[in-house]
Amino acid sequence: MALATRTDRRPSMTRTLWDSTVGKKTIMAVSGLIMLGYLVVHMAGNLKIFFGPGTFDGYAHWLRTLGEPVLHYEWALWIVRVGLVAAVVLHGVSAYQLSRRDIRARPAKYVHKKARADYATRTMRWGGIILALFIVWHILDLTTGTVHTSFEAGHPYQNVIDTFSTWYGNVIYIVAVLAMGLHVQHGFWSAAQTLGVGNATRDRILKTLANLLATALTVGFISVPVAVMTGVVS
């Protein structure tokens, strides 16, 4: 008699987490907070441009030597880049799958919509698409120099000046930053709810903090192209 073999293996905890709605929302929240932390640090680095080319170029060089001599040249920077790419991919895929799941779950004749919730959802969706496209452009412009006609490796200060000396460079950057501000404003509060931080008493504080973060990041990032356009930085 042949022995029966068990083929119904239970899915792993990781797979179960990924397949569940709660799991996807948690992944979105955590990856979003990782990207938010990067944005704060990135903005602080960008503001060094107001201290002149020596300071800004020196900061860019320091990023490439971070971790030496334990790590080789640019290793730390590449570790950060890989981590950010992973966060962006997980965030984007989770958002897309949750959106498709939400559409499938709606009744066929769903007439009465919550205007505020729908507006926030549309803003997050389109904002995410704009930011994804901008990330590609930003890398090709100021990292690889592929779309930057006067790109000079090792001269980030001048590369930034050149980018924001063109009308299209300013338009692309400012539109993306405004989309980022709206994304942060709603996303930070949403992440807090997902991770169980929010409650009836903390909601006002979290919303205020979300507004402050979004405003600070928007003003901080936009101040660079505005400074170049007005000649404050040249």
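Keep in mind the model is a prediction, meaning the values are calculated, not measured.

Draft legend 1. Local environment of the UniProt feature "transmembrane region" (unreviewed entry) in the protein. Residues annotated by UniProt as "transmembrane region" (unreviewed entry) correspond here to residues 21-41, 75-98, 119-140, 167-188 and 209-233. The span residues 75-98 carries 100% helix and 0% strand; its end-to-end C-alpha distance comes to 34 Å. What you have in residues 209-233 is 88% helix and 0% strand, and the ends, taken at the C-alpha atoms, are 30 Å apart.

Draft legend 2. Looking closely at the nonpolar core. I49, M180, V184, L217, F221 and V233 are the most contacted members of the largest nonpolar core, which totals 28 residues. Where this core is concerned, the elements lending two or more residues are α2 (21-46), α5 (115-142), α6 (156-163), α7 (167-194) and α8 (203-230). Here this core takes 9 residues from α8, the largest share from any one element. With sequence-adjacent residues up to four places away left out, M180 is seen in contact with L39, L131, L217, T218 and F221.

Draft legend 3. Fine view of the packing of α2 against helix α4 (residues 75-105). Their axes nearest at 8 Å, the elements α2 and α4 cross at an angle of 140°. At the point where α2 passes α4, the crossing takes the left-handed sense. Contacts between α2 and α4 involve T21, K24, K25, I27, M28, S31, G32, I34, M35 and Y38 on the former and, on the latter, L84, A87, V88, L90, H91, S94, A95, Q97, L98 and R101.

Draft legend 4. Expanded view of the side chain of N170. Here N170 shows up in helix α7. Among the polar contacts made by the side chain of N170, one reaches the main-chain carbonyl oxygen of T166 at a distance of 3.1 Å. Setting aside residues no more than four positions away along its own chain, N170 makes contact with T163, F164, P225 and M229.

Draft legend 5. Structural detail: the pattern of salt bridges. Summed over the entire model, instances satisfying the criterion amount to 2 salt bridges. The salt bridge involving R15 is made with D19; its shortest N-O contact spans 3.2 Å. Of this pair, R15 and D19 are both found in helix α1 (residues 13-19), 4 residues apart, which corresponds to roughly one turn of the helix. Here R64 makes a salt bridge to E74, at a shortest N to O gap of 3.3 Å. Placement of the pair is R64 in helix α3 (residues 53-65) and E74 in the loop between α3 and α4, with a sequence separation of 10 residues. On the basis of relative accessibility, which here comes to 21%, the residue E74 falls in the partly exposed class.

Draft legend 6. A look at the packing of aromatic side chains. For the structure shown, the criterion picks out 5 aromatic pairs. Ring centres of F56 and Y157 lie 6.3 Å apart, and the angle between their planes is 70°; on these two criteria the pair is classed as edge-to-face. Taken together, the residues span a long stretch of sequence, with F56 in helix α3 and Y157 in helix α6 at a distance of 101 residues. Residue class for F56 comes out buried when judged on its relative accessible area of 9%. The class for Y157 is buried, based on a relative accessible area of 8%.

Calculation criteria
Residues numbered from 1 in each chain as written. Predicted model: local features only at pLDDT ≥ 70, side-chain atom pairs only at ≥ 80, totals over all residues. Heavy atoms only, no water. UniProt positions renumbered as here; feature names shortened; annotations may be inferred. Helix = DSSP H or I, 4+ residues; strand = E, 2+ residues; numbered from the N terminus. Core = buried A, V, L, I, M, F, W, Y, C linked by side-chain atoms within 4.5 Å. Buried < 20%, exposed > 50% of the residue type's maximum accessible area, 1.4 Å probe, protein only. Contact = heavy atoms within 4.5 Å. Axes fitted to C-alpha atoms, helices over the stretch in contact; angles between N-to-C directions. Left-handed = near helix turned anticlockwise from the far one by under 90°. Polar contact = N/O pair within 3.5 Å; in protein donor to acceptor, adjacent residues only side chain to side chain. Salt bridge = Lys/Arg side-chain N within 4 Å of Asp/Glu carboxyl O. Phe/Tyr/Trp six-rings, centres within 6.5 Å; stacked < 30°, edge-to-face > 60°.

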